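Survey of secondary and tertiary structure
Spelled out, the chains give:
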Amino acid sequence: MNINYQLTNSDFLAYQLYTSSKSELHKKRRFRSRIIIPIIYILFGLYLANKNEDNGIGILFAGIGILWFAFYPMYAKWRYKRHFTKHVEENYKNRINKPVEIDFDENSVNAKDFTSESKINGTELKELIETKDHFFIKLATDLSLIVPKHSIQDQMEFKKRVIGLGAEYVDERNWEWK
């Protein structure tokens, strides 16, 4: 089975967003930012209210903390997407719209792009992650091959090949960036 395609900014962005959403470090960062900032606002508001004997300032800061807690998930979604968009534009600019070829042998995967050629043993395939628009073939080294679904004619055969080489199938078709 041979697959030829070109990766776009949106392909790299989808991969970055997916890996970020599964990263424990990123999850903890987002959780801490959502919780700690409102607590700081509320505590600072209470301090100012007690110091100045003015409950209005305390209510204002508590309100800001509550608004932060409520709207932070939308802000974080936008902020991370913007960050990864810039990251992709800066770090993958030489790989955008360049031909990529993946060829499956009996026991290995041959990946070829405009700069390199790799032969990956089937035992090195860790996971085949399927999202709505992409397949990510995660290797034992935690690197991944990004394969847009529109570039594969027979997706069932593709899945059988990759799983047959030893990759574990992960169904993330309902995944979306949050």
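Residues numbered from 1 in each chain as written. Predicted model: local features only at pLDDT ≥ 70, side-chain atom pairs only at ≥ 80, totals over all residues. Heavy atoms only, no water.

1. Concerning the sheet that holds strand β6 (residues 134–139)
- As summarised here, the arrangement of the four strands in space is β7-β6-β5-β8, forming an open sheet in which the pairing is mixed. This sheet does not close on itself; its edge strands, each paired only once, are β7 (144–148) and β8 (168–171). Neighbour-to-neighbour, the strand axes of the sheet open up by a mean angle of 20°, direction not taken into account.
- The pairing of strand β5 (residues 125–130) with β8 spans four bridges and is parallel. Within β8, the residue paired with Glu127 across the bridge is Glu168. (Pairing = 2+ DSSP bridges. Helix = DSSP H or I, 4+ residues; strand = E, 2+ residues; numbered from the N terminus. Axes fitted to C-alpha atoms, helices over the stretch in contact; angles between N-to-C directions.)

2. Section: the packing of aromatic side chains
- Here the structure, examined in full by the defined rule, presents 14 aromatic pairs.
- Every member of this aromatic cluster is reached through a ring pair, and the members are Tyr15, Tyr18, Phe136 and Trp175.
- Geometry around Tyr80 places Arg30 over its ring, the cationic atom sitting 5.2 Å from the centre.
- Against the face of Phe114 rests Lys98, its NZ or CZ located 5.5 Å from the ring centre. (Phe/Tyr/Trp six-rings, centres within 6.5 Å; stacked < 30°, edge-to-face > 60°. Lys NZ or Arg CZ within 6 Å of the ring centre and 35° of its normal.)

3. So, helix α2 (residues 24–52)
- Between the first and last C-alpha of α2 there are 42 Å, a value that for 29 residues agrees with the 42 Å anticipated at 1.5 Å per step.
- Every buried residue belonging to α2 is among His26, Arg30, Pro38, Gly45, Leu48 and Ala49, and all of these are buried.
- Looking one or two residues past α2, Glu53 carries a phi angle of roughly 55°, positive in sign. (Expected span 1.5 Å × (residues − 1). Buried < 20%, exposed > 50% of the residue type's maximum accessible area, 1.4 Å probe, protein only.)

4. Observations concerning the sheet that holds strand β3 (residues 108–112)
- Ordered in space as β1-β2-β3-β4, the four strands form an open sheet in which the pairing is antiparallel. Each edge of the sheet is formed by a strand with only one pairing partner; in this case those strands are β1 (2–6) and β4 (117–121). Direction aside, neighbouring strands of the sheet carry axes that sit 15° apart on average.
- Note that β3 and β4 share five bridges and pair antiparallel. Paired with Ala111 across the two strands is Ser118, which belongs to β4.

5. Quick word on the layout of surface pockets
- What the largest pocket holds in volume is close to 520 Å³.
- Looking at the largest pocket, it is lined by 23 residues, and the ones nearest its centre are Arg95, Asp113, Ser144, Leu145 and Ile146.
- Residue assignment for the lining of the largest pocket shows that the elements contributing at least two residues are α1 (9–22), β2 (99–104), β3, β4 and β7.
- Here the lining of the largest pocket is composed, by residue class, of 14 nonpolar, four polar and five charged. (1 Å grid on protein atoms, 1.4 Å probe; cavity = no way out; pocket = protein on both sides within 12 Å on 5 of 7 lines; lining within 4 Å. Points joined across faces, edges and corners; volume = space filled by probe spheres on them. Nonpolar A, V, L, I, M, F, W, Y, C, P; charged D, E, K, R; others polar.)

6. With respect to the pattern of salt bridges
- Tallied over the full model, the rule gives eight salt bridges.
- Lys27 is paired through a salt bridge with Glu24; the nearest N and O atoms lie 3.6 Å apart. Here Lys27 and its partner Glu24 are both found in helix α2, three residues apart, which amounts to about one turn of the helix.
- Here Lys159 makes a salt bridge to Glu130, at a shortest N to O gap of 3.2 Å. Here the residue Lys159 occupies a position in helix α4 (residues 155–164), and Glu130 occupies one in strand β5, the gap between them amounting to 29 residues. Residues Lys159 and Glu130 agree in their burial class; the two are buried.
- When salt bridges with common partners are traced through the structure, they connect Lys126, Lys138 and Asp142 into a single cluster. (Salt bridge = Lys/Arg side-chain N within 4 Å of Asp/Glu carboxyl O.)

7. Quick look at the pairing of β1
- Side chains Ile3 and Tyr5 of β1 all project onto a buried face; the interleaved residues Asn2, Asn4 and Gln6 project onto a face where none is buried.
- Bridge analysis of β1 against β2 gives five bridges, and the strand direction is antiparallel. Each residue of the ladder has a partner; that of Ile3, found in β2, is Ile102.

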